[in-house]
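These are the residues of each chain, in order.
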Amino acid sequence: QTMRFKYLAFSASGQPVSGVLEVDSPQAAEAALWNSDLVVVEIKQERSSLSLAEVFPSLFGVRQREIIVFTQQLAGLLESGVRLDVALGLLARDASSKALGQVLRQLLSDIQSGMALSEACGQQGKVFPALYRQLVAVGEQTGDLAPLLWQVSRHLENEANVRDRIMRASAYPFFLFFMAASIGI
């Protein structure tokens, strides 16, 4: 996992240079600066504050419906012959939410660094369920990623429909219980 480091350095001409690097370690940050012919004065790791999506994933994170649509769009693009990295770039640019865009940009970055899509999905915490990742891995191994993505999207859609029906079915009894409790029956 990459970390963010603030740095202060001087150029060969003596001009102060500051900025932020995203690298794996403080040693990697220092090496990158020295390789850029900068004299390092200070490197500090930036504190990472938790985002609302990390604190309240069900409210501000990526919603399952977004994953379903993303999966369908990715399957369609791959079926049309678009390369995976290009497809992810397009979908990240046009993401329906900031949280989804962030996830897709990270997927793209991981894939461009040589990671398999299933492995990159696994790096995203609970965004992609285990079955999703496993079916994507099968698609990668067989070379039939697009058809498996269509299957995954249908499965996720069915799962979401069942969950919605359960929520609707339990809403009325909950409402009756709440009303009975509020009037003291």
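Parameters and conventions
- Every chain is numbered on its own, with residues counted from 1 as its sequence reads.
- Local features in this predicted model are restricted to residues whose pLDDT is 70 or higher, and side-chain atom pairs enter the listing and the counts only when it is 80 or higher, whereas totals over whole chains, interfaces and linings include all residues.
- The side-chain quantities take in all heavy atoms of the structure and omit both hydrogens and water.
- In short, DSSP must find at least two bridges between two strands for them to pair.
- A run of DSSP states H or I qualifies as a helix once it reaches four residues; a run of E qualifies as a strand once it reaches two. Both are numbered from the N-terminal end.
- To obtain each axis, a line is fitted to C-alpha atoms, and for helices this fit is confined to the stretch in contact; angles are then taken between N-to-C directions over 0 to 180 degrees.
- In this description, contact between two residues means that some pair of their heavy atoms is separated by no more than 4.5 Å.
- Salt bridge, as used here, is a side-chain nitrogen of Lys or Arg placed within 4 Å of a carboxyl oxygen of Asp or Glu.
- We call a residue buried when its accessible area falls under 20% of the maximum for its residue type, exposed when it is over 50%, and partly exposed in between, using a 1.4 Å probe and counting protein chains only.
- Any Phe, Tyr or Trp ring, taking Trp's six-membered ring, that has another such ring centre within 6.5 Å forms a pair; planes under 30 degrees apart are called stacked, those over 60 apart edge-to-face, and the others tilted.

Asks: How would you sum up the sheet that holds strand E1 (residues 3-10)? Please name residues and give values.
Replies: With respect to topology, three strands assemble into an open sheet ordered E2-E1-E3, the strand pairing being antiparallel. Each edge of the open sheet carries a strand with a single partner, namely strand E2 (16-23) and strand E3 (39-45). The average angle at which neighbouring strand axes cross in this sheet is 25 degrees, direction not considered. Where E1 and E3 come together, six bridges link them in antiparallel fashion. Residue pairing in the sheet places Phe5 in a bridge with Gln45 of E3. Across the sheet, helix H1 (residues 26-35) touches E1, E2 and E3, and the angle it forms with E3 is around 150 degrees.

Asks: Could you give an account of the pattern of salt bridges, naming the residues involved and the relevant values?
Replies: Here the structure, examined in full by the defined rule, presents six salt bridges. Notably, a salt bridge pairs Asp164 with Arg65, separated by 2.8 Å at the nearest N-O pair. Of this pair, Asp164 sits in helix H9 (residues 145-183) while Arg65 is found in helix H4 (residues 64-79), placing the two residues 99 residues apart along the sequence. Arg65 gets classed as partly exposed once you look at its relative accessible area, which sits at 38%.

Asks: Lay out the packing of aromatic side chains with the relevant residues and their values.
Replies: All told, the structure shown has two aromatic pairs when counted by the stated rule. Here the aromatic rings of Phe128 and Tyr132 are separated by 4.9 Å at their centres, their planes lie at 45 degrees, and the arrangement is tilted. One aromatic cluster is present, built from ring pairs that chain together Phe70, Phe128 and Tyr132.

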